[in-house]
Every structure is written in structure tokens, then in C-alpha cells.
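Topology and contacts: notes
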Amino acid sequence: MPHRSMTVSGVEVTPLCDAVGPMGASIRRPPAEMFAGSGLQDEPWVLHFHCYLLRDGAGRLTLVDTGIGAADSPASSWAPVPGTLAGELAAAGVAPAEIGTVILTHLHSDHASGAVADGRPVFENARYVLQQAELDAARGPMLHEVVSKIRAQLHVVEGDAEVAPGVHVHSAPGHTPGHQIVRVGELAMTGDLVLHPVQLDDPAIRYVYDDDQEAAARTRAEVLAALRAERAILATAHFSEPFLRL
Ligand SMILES: [Zn+2]
Ligand SMILES: [Zn+2]
């Protein structure tokens, strides 16, 4: 539990640090190629992999993203290490069966693989919230090894929805077709809307692994401008500090 929790609108938000490290060699490229036009030099890009635990005043528990998963998960071909979400949850005093809602910002393997272990849903009593467009686009190992195992618990939404009291999801496509962000009060958990701090200064800087780089840049600019206007707190998946006041 390297990061501290904060409370917004009566909801305690705890960052769960699933992993820290660089991308594996199979997909790693120089930062200047990852973020074209950024001016980044060849210093290694060390990512944190954050999930977020929400505990509201009534004790209801929501998890935002499920991380890298086990050593044989779909993320294992490139993630730096297996995910430690289970230990992070235990350190927060939470058993997986207590989680009522799991929100998957998108179906990339470092955000959703931890939903499943040994071919079964890890969060046996949870609804798994996913955008329809993301479900429609699911392919390959994420479809066969993750989505198909949680299908009975899927709670599919389209666009904006309140998925637990005070917890809202908003469609933010581009990084993936059904990418969504999560709002609780002034806090925005943004999934992979922003990958690197250079994109805060210039949202037009593209990320090589955005599915649709043009749509992602447009969404990033729009959402960041709106969040900045309200001086929201950003909670990113991959920055080293989980919370950032805009
Ligand atoms: Zn971290
Ligand atoms: Zn992603």
C-alpha cells in the first residue's frame, strides 16, 4: 500500500498499486516513439499500474479496474511483473467477495485481467460494469480468458450511467472503442485517457497504443478541458502519483 487514500463526497478512495515497472521488451519502444512529438528522451518509462477501491458511507465497495492478474494472465507477455491486487486489497482490509461493483475502464490486459483467476471470476459477488462498445470489440485472449468467464456477472452500459450510488461512468472512447472514465464527486478516475504527464501539457500528443489515435486525442482534449474547468482531481492508472489536482 504505497499510496494514501483520500475522501471525496463521503467516499473513501484508496489507490491499489498493482505493479510498478517498465513495459516488457515485447512491446516497449523508445519514449519518443511511444509519444510522438513529445520531446521525451530515452529515459526509461516506469509505469505504475493503479486500481482504485471506493468505500462509500454505507460501506458499499466498488473496484475500478482489476490490474495485470496472475503470472499466466493475458498481460504476462508484456507486463513487468504479475499483479499484486489481491495483496493490496487484503492490506486495505477487503476480501474479494465483499466487492459489489467492479468497473472495467477498458479491456486492455493490464486493466481487466485481474478480474479472473484460474478461469473463474475473482469477485464472485460483483457486477462487472463494461461499456457495450467495449464488449462488442472484445477479441482474442481478453474475450476468451476474461470476458467469457465473467459473462454471467456483466452489467453492460451505454454512455453515461450511475453504476453505484454516487459513482458515475462516462464514455471516453479512442484509447479503445468503449473506454470509460469514472467520477466520484470532484475525482475522475481516467483509465488510459492520459498515459504520460506530457499529455497533460499537450493532449494532442498521441500514444502509439491508442486504438484510434485521432479519436483518443480529441477525447483527451475535451475531457481534460472540462476537468480543468472544474479543477477536478485526476486519478490516473499509470502515473507514479495516483492523485493530481488539475
Ligand atoms: Zn503506484
Ligand atoms: Zn489501455
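Right, let's walk through the structure included here. (Residues numbered from 1 in each chain as written. Chains lettered and ligands numbered in written order. Predicted model: local features only at pLDDT ≥ 70, side-chain atom pairs only at ≥ 80, totals over all residues. Heavy atoms only, no water.)

Our focus in this paragraph is unusual backbone geometry. A positive phi is found at Ser9, a non-glycine position, where the angle reads about 50°. Looking at the element boundaries, Ser9 is found in the loop between strand E1 (6–8) and strand E2 (11–22). Positive phi values are uncommon outside glycine, yet Asp65 reaches one of about 70°. Secondary-structure assignment places Asp65 in the loop between strand E4 (61–64) and helix H2 (85–91). By relative accessible area, Asp65 is classed as buried at 2%. (Helix = DSSP H or I, 4+ residues; strand = E, 2+ residues; numbered from the N terminus. Buried < 20%, exposed > 50% of the residue type's maximum accessible area, 1.4 Å probe, protein only.)

Only His106 (NE2), His108 (ND1), His175 (NE2) and Asp192 (OD) from the protein reach the zinc ion (ligand 2) as donors, at distances of 2.1 to 2.2 Å. Considering all four donor atoms around the zinc ion (ligand 2), the spread of angles at the metal, 89 to 165°, places the coordination shape in the irregular class. (Donors = N, O, S within 2.8 Å, 3.2 Å for Na, K, Ca; no water. Tetrahedral: all angles 85-135°; square planar, octahedral: opposite > 155°, others 65-115°.)

Here we take up the coordination of the zinc ion (ligand 1). Within the first shell, the zinc ion (ligand 1) binds the protein through His3 (NE2), Cys17 (SG), His48 (ND1) and His50 (NE2), at distances of 2.0 to 2.2 Å. Classification of the site at the zinc ion (ligand 1) as tetrahedral follows from its four donor atoms and the range of 95 to 121° in their angles at the metal. We note that the donor set of the zinc ion (ligand 1) lies within a single chain, spaced as H-x13-C-x30-H-x1-H. Residue His3 is found in the segment before E1, and its partner His48 is found in strand E3 (residues 46–55); the two are separated by 45 residues along the sequence. A relative accessible area of 12% means that His3 is categorised as buried. Given a relative accessible area of 13%, His48 falls into the buried group.

Under the defined criterion, the tally for this structure stands at five salt bridges. Here Glu230 ties to Arg183 by a salt bridge, and the two come within 2.9 Å at their closest N and O atoms. Of this pair, Glu230 sits in the loop between helix H7 (213–229) and strand E14 (233–235) while Arg183 is found in strand E12 (residues 180–184), placing the two residues 47 residues apart along the sequence. Its salt-bridge partner being Glu186, residue Arg245 comes within 2.7 Å of it at the nearest N-O pair. Residue Arg245 is located in strand E15 (residues 243–245), and its partner Glu186 is located in the loop between E12 and strand E13 (187–189); the two are separated by 59 residues in the primary sequence. Look at Glu186 and you get partly exposed, because its relative accessible area is 32%. (Salt bridge = Lys/Arg side-chain N within 4 Å of Asp/Glu carboxyl O.)

Attention shifts here to H7. Along an α-helix, residues three or four positions apart point the same way, because every turn accommodates 3.6 residues. Compared with the 24 Å implied by 1.5 Å per residue over 17 residues, the 24 Å span of H7 between its first and last C-alpha is a close match. Those residues of H7 lying buried are Ala215, Ala216, Ala217, Thr219, Arg220, Val223, Leu224 and Leu227. Two residues or fewer past H7, Arg231 is found with a positive phi of approximately 50°. (Expected span 1.5 Å × (residues − 1).)

Considered for burial, the residues of helix H5 (residues 140–150) that qualify are Met142, Leu143, Val146, Val147 and Ile150. Along the long axis of H5, the arc covered by the buried residues comes to 125°, so they all point the same way. Turning to H5, the residues buried within the fold contact helix H3 (109–112), strand E6 (116–117), strand E7 (120–121), strand E8 (127–131), helix H4 (132–137) and strand E9 (154–157). (Arc of directions from axis to C-beta. Contact = heavy atoms within 4.5 Å.)

Turning our eyes to something else, we now look at the environment of Pro22. Mapped onto the fold, Pro22 is located in strand E2. When its relative accessible area of 36% is taken as the criterion, Pro22 is described as partly exposed. Once you skip the residues sitting within four places of it in the chain, Pro22 turns out to touch Trp45, Val46, Leu47 and Pro80.

Moving on, we get to the sheet that holds strand E11 (residues 167–171). The strands making up a sheet associate through backbone hydrogen bonding, with each pair oriented either parallel or antiparallel. The strand order E10-E11-E12-E13-E14-E15 describes an open sheet built from six strands, whose pairing is mixed. The strands lining the two open edges of the sheet, one partner per strand, are strand E10 (161–164) and E15. For this sheet the average axis-to-axis angle between neighbouring strands, irrespective of direction, equals 30°. Pairing of E11 with E12 involves four bridges; the strand directions are antiparallel. Following the sheet pairing, Val169 is matched in E12 by Val182. (Pairing = 2+ DSSP bridges. Axes fitted to C-alpha atoms, helices over the stretch in contact; angles between N-to-C directions.)

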